[in-house]
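# Commentary on secondary and tertiary structure
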Amino acid sequence: MKLMKKMFALLVAGSVVSGCSNVDHTASVEKVSETFPTVVCTNFAAYDFARQVMKDQGEVVLLVKPGVETHSFEPTPQDIMTIQNANVFVYAGGDSDVWVETILNSMDTSKMHQISMMDCVETMEEEIKEGMVHEHHHDDEKDCCDNDEDMHEHEDHDHEEDHDHDHEHEEEDHDHDHDHDHDEHHHDHEEMELDEHVWTSPLNAIVIVNKLRDVLSEVDAEHASVYADNASAYVSELEELDAMFRDVVKNGKRNEIIVGDRFPFLYFVKEYGIDYYAAYPGCSSDTQVDAKTVAFLVDKVKDDNIPVVFHIELSNEQMCDAIVDGTGASKELLNAVHNVSVDEFNKGVTYVDLMKHNVEVLKKALGE
């Protein structure tokens, strides 16, 4: 953490002398507009929500460039200047945005409105499902856990000195059982991350859009009615999208999906009552093929007669390919809307477009 703070301090210092240039909607912002607000977003979902509410009333900037995997994004000095010069800064607020707090603490944000999408809705803890590859996400957490274990060992030693020989045997038996249980279920004792992918539920998207409407109306009160009208029209689209998903699930022959990839769809499946199995948690940094997980998911596909295995956007697709090769199931993209490709961005693809694709592939997965 100290190294990260030093790195961002250097970036902020460097941003003072770095130049900025405006090229397109992913470009930097040289200064805050005196007429219309400028909104800077860290992922595509937030970017599209903002442009649907604003239309031509201001500038929306996608900080993470199209085609870039959001979990591996590292801000440049130019990115920091872009954030500094924004009227409104919108970010997810979770594991992929760990850099945000450090940057915001390093700058004057008195004229900046900040929206964490996670703060807009009720959050859920990331789930570790059966068969899923799991890992320690942060070295700091691991060190904390290690320190806790050392402390407990020290306390157990002092405790044993104060008791008789028989109780020492009881403590040893208990410790042996605890260690065995810890080996089998180590993730139960870890502090779980909150899942950041709140936007994957269209109903959550509606809440975020309405928050954007309110903030933009405060920043630019003169055009509040325009933001209200734009938001209302867009919310109607999101409500239609929600109805489409409910219809697919209602008419499906099965109620289970397999995602041979990261799983950023927790809010989505919980909203629509879909069961799932997946290769990795939503923000996993490990996406290499794992033999045990492949075997587990291959068996699931075969046993439950699953016709489709999903992967997410901008993935290496290796785990998904391994499962498909072992089952003969078809492979489909299930958009989590972290980001889009350069080609999709240039074509003007939207959140609703990507989610309508999800409607169609979900039909294939659940059957009609």
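This section reports on the structure supplied with the text.

Conventions we followed
Residues numbered from 1 in each chain as written. Predicted model: local features only at pLDDT ≥ 70, side-chain atom pairs only at ≥ 80, totals over all residues. Heavy atoms only, no water. Helix = DSSP H or I, 4+ residues; strand = E, 2+ residues; numbered from the N terminus. Buried < 20%, exposed > 50% of the residue type's maximum accessible area, 1.4 Å probe, protein only. Contact = heavy atoms within 4.5 Å. Polar contact = N/O pair within 3.5 Å; in protein donor to acceptor, adjacent residues only side chain to side chain. Pairing = 2+ DSSP bridges. Axes fitted to C-alpha atoms, helices over the stretch in contact; angles between N-to-C directions. 1 Å grid on protein atoms, 1.4 Å probe; cavity = no way out; pocket = protein on both sides within 12 Å on 5 of 7 lines; lining within 4 Å. Points joined across faces, edges and corners; volume = space filled by probe spheres on them. Nonpolar A, V, L, I, M, F, W, Y, C, P; charged D, E, K, R; others polar.

### What about the environment of K331?
The topology assignment puts K331 in strand β8 (residues 330-333). Residue classification places K331 among the partly exposed positions, given a relative accessible area of 32%. The sequence separation of K331 and H311 amounts to 20 residues, and the corresponding C-alpha distance is 7.4 Å. Those residues in contact with K331 that sit more than four places away from it in its chain are V309, H311, E317, C320, D321 and V324. Within the structure, the side chain of K331 is placed 2.7 Å from the side chain of E317, a separation counted as a polar contact.

### Remarks on the sheet that holds strand β2 (residues 59-62)
Judged by pairing direction, the sheet is parallel, and its four strands sit side by side in the order β2-β1-β3-β4 without closing on themselves. Sheet topology places β2 and β4 (113-116) at the edges, where each strand pairs with a single neighbour. On average, adjacent strands in this sheet sit at an angle of 15° to one another, irrespective of strand direction. Across the sheet, helix α4 (residues 98-105) touches β3 (88-91) and β4, and the angle it forms with β3 is around 155°. Across the face of the sheet, helix α8 (residues 202-219) comes into contact with β1 (38-41), β3 and β4 while running at roughly 180° to β4.

### What to know about empty space enclosed by the protein
Evaluation of the coordinates by the stated rule reveals five cavities of 30 Å³ or more. Considered as a void within the structure, the largest cavity measures approximately 60 Å³ in volume. Lining of the largest cavity is provided by T42, N43, V64, T70, F73, A92, S96, D97, W99, E196, W199 and H338. For the lining of the largest cavity, the per-class residue count stands at five nonpolar, five polar and two charged. The space that makes up the second largest cavity amounts to roughly 40 Å³. Lining the second largest cavity are E126, E127, M132, D195, F263, L266, Y276, P281 and G282. Residue composition of the lining of the second largest cavity, by class: five nonpolar, one polar and three charged.

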